[in-house]
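Residue-level listing of the chains:
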Amino acid sequence: MQDKHYLDDWIHVPICQKGDKLYHYTTAEGIRGIVENREFVATKSDFLNDKMEIQYAVIQGGMGVGISLSGLAGAVAAAGGIGIISSAHAALDEDEMSFYVVAFSKQNNNSLLWAEFTDFRGYCLEFDYEKIVEGFRHRVFLHGTVIYDEEEQMNGLLESLLSCIHSLGEKGAKDLQGFFEEDAIPSEESLNQLVDAMAVVCSVYTMFFKKSYFAGEEE
């Protein structure tokens, strides 16, 4: 099996590869804007079809740290296991959790997407992956394939947490180097640094995590 290519060393979101084709489902009005204006209309993350998107948080068991995905109100709390939980109760401004998303699929005839984006009266446009990425390069953007499997989501988050701990330890937060030891007592300053770092990582992951029952979309 060919090795996956990821967004970067910290963010383990698989990305497409050379030669891949992507498909965008849209209405007649949408296709006019794409063709005539060479523009895509991005959807604010609050209105995505999976209402739980961008509302994830991760807690790492036995390490005494809970992390809110927004990062702007990171809090330290006891945790008993690793998992993905809703952060809907966090006291955050909704715009702090917002992104703008353009969705593509790897499938060119998907009934779920025909219904969702065209009401069965639209179009499915084919694009070359590399050309799409090149067209967005003058903007600040991230691209990758959606992860639907919860175990894969948790593994990616855990690997990122380990990378954050290792990196901060090398940069001076020495008390994080023994983070996994039973009697470890990281300082509040080090924990705050860890929360801030992981919040940035998690805010990226939230754009690429969806519930498993959306897997048929293959976005």
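Before reading on, note that the structure itself is shown above.
Residues numbered from 1 in each chain as written. Predicted model: local features only at pLDDT ≥ 70, side-chain atom pairs only at ≥ 80, totals over all residues. Heavy atoms only, no water.

A. Molecular detail of the overall build of the chain. The helix and strand tally for the chain stands at five helices and seven strands. Its helices and strands taken in sequence order, the chain reads β-α-β-β-β-β-β-α-β-α-α-α from the N to the C terminus. Taken across its 219 residues, the chain has 40% of its residues classed as buried. A separation of at least 24 residues holds for 74% of the contacts in the chain among residues at least 6 apart in sequence. With an accessible surface of roughly 13000 Å², the chain has 50% of that area assigned to carbon and sulfur atoms. (Helix = DSSP H or I, 4+ residues; strand = E, 2+ residues; numbered from the N terminus. Buried < 20%, exposed > 50% of the residue type's maximum accessible area, 1.4 Å probe, protein only. Contact = heavy atoms within 4.5 Å. Areas by Shrake-Rupley, 256 points an atom, 1.4 Å probe, with all protein chains shown as cover.)

B. Here's a closer look at the nonpolar core. Of all hydrophobic cores here, the largest spans 22 residues; its most connected members are Leu 194, Met 198 and Tyr 205. Elements with a minimum of two residues in this core: helix H4 (150-170) and helix H5 (188-205). In terms of residue count, the dominant contributor to this core is H5 (eight residues). Counting 11 residues, the second largest nonpolar core, distinct from the first, contains Ile 31, Leu 125, Ile 132 and Val 133. (Core = buried A, V, L, I, M, F, W, Y, C linked by side-chain atoms within 4.5 Å.)

C. Summary view of the packing of aromatic side chains. Overall, the coordinates contain six aromatic pairs when judged by the stated rule. Aromatic side chains Phe 40 and Phe 104 sit 5.4 Å apart centroid to centroid with 75° between the ring planes, which places their arrangement in the edge-to-face category. Of this pair, Phe 40 sits in the loop between helix H1 (28-37) and strand S2 (43-44) while Phe 104 sits in the loop between strand S6 (100-101) and helix H2 (111-118); the two residues are 64 residues apart in sequence, bridging distant segments of the chain. Take Phe 40: its relative accessible area is 22%, and that puts it in the partly exposed class. Feature note: the residues Phe 40, Phe 104 and Phe 127 constitute an aromatic cluster, connected by ring pairs. Between the NZ or CZ atom of Lys 210 and the centre of the ring of Phe 214, over which it lies, the distance is 4.7 Å. (Phe/Tyr/Trp six-rings, centres within 6.5 Å; stacked < 30°, edge-to-face > 60°. Lys NZ or Arg CZ within 6 Å of the ring centre and 35° of its normal.)

D. Geometry of unusual backbone geometry. Phi is positive for Phe 120, which is not a glycine, with a value near 65°. Counting through the fold element by element, Phe 120 comes out in the loop between H2 and strand S7 (123-128). Unlike most non-glycine residues, Glu 218 shows phi in positive territory, near 50°. Locating Glu 218 in the fold gives a position in the segment after H5. Overall, the relative accessible area of 34% leaves Glu 218 in the partly exposed class.

E. Examining H2 more closely. The complete set of buried residues in H2 reads Leu 113, Trp 114 and Thr 118. Down the axis, H2 shows its buried residues gathered within 105° of arc, on one side only. In this structure, the buried side of H2 is in contact with strand S1 (21-26) and S7. Regarding H2, its N-cap is Asn 110, as a side-chain oxygen of that residue lies 2.9 Å from the backbone nitrogen of Leu 112 further along. (Arc of directions from axis to C-beta. Polar contact = N/O pair within 3.5 Å; in protein donor to acceptor, adjacent residues only side chain to side chain.)

F. Structural detail: the packing of H4 against H5. At a minimum axis separation of 10 Å, H4 and H5 run at an interaxial angle of 145°. When you trace H4 past H5, the crossing you get is right-handed. In this structure, H4 uses Gly 156, Leu 157, Ser 160, Leu 161, Cys 164, Ile 165 and Leu 168 to contact H5, whose residues at the interface are Gln 193, Leu 194, Ala 197, Met 198, Val 201, Cys 202 and Tyr 205. Its residues placed into classes, the contact of H4 with H5 shows 11 nonpolar, three polar and no charged. (Axes fitted to C-alpha atoms, helices over the stretch in contact; angles between N-to-C directions. Left-handed = near helix turned anticlockwise from the far one by under 90°. Nonpolar A, V, L, I, M, F, W, Y, C, P; charged D, E, K, R; others polar.)

G. Structural detail: the side chain of Asp 128. Here Asp 128 is to be found in strand S7. When near neighbours in sequence (up to four residues on either side) are disregarded, Asp 128 contacts Asp 20 and Lys 21.

H. Molecular detail of H4. Taking 1.5 Å of rise per residue, the 21 residues of H4 would be expected to cover 30 Å, and the 30 Å separating its terminal C-alpha atoms lies within 8% of that figure. Among the residues making up H4, those that are buried are Gln 153, Met 154, Gly 156, Leu 157, Ser 160, Leu 161, Cys 164, Ile 165, Ser 167, Leu 168 and Gly 169. With a side-chain oxygen positioned 3.2 Å from the backbone nitrogen of Glu 151, the residue opening H4 is Asp 149. Once H4 ends, the next one or two residues include Gly 172, with phi positive near 130°. (Expected span 1.5 Å × (residues − 1).)

These figures capture arrangement, not role.
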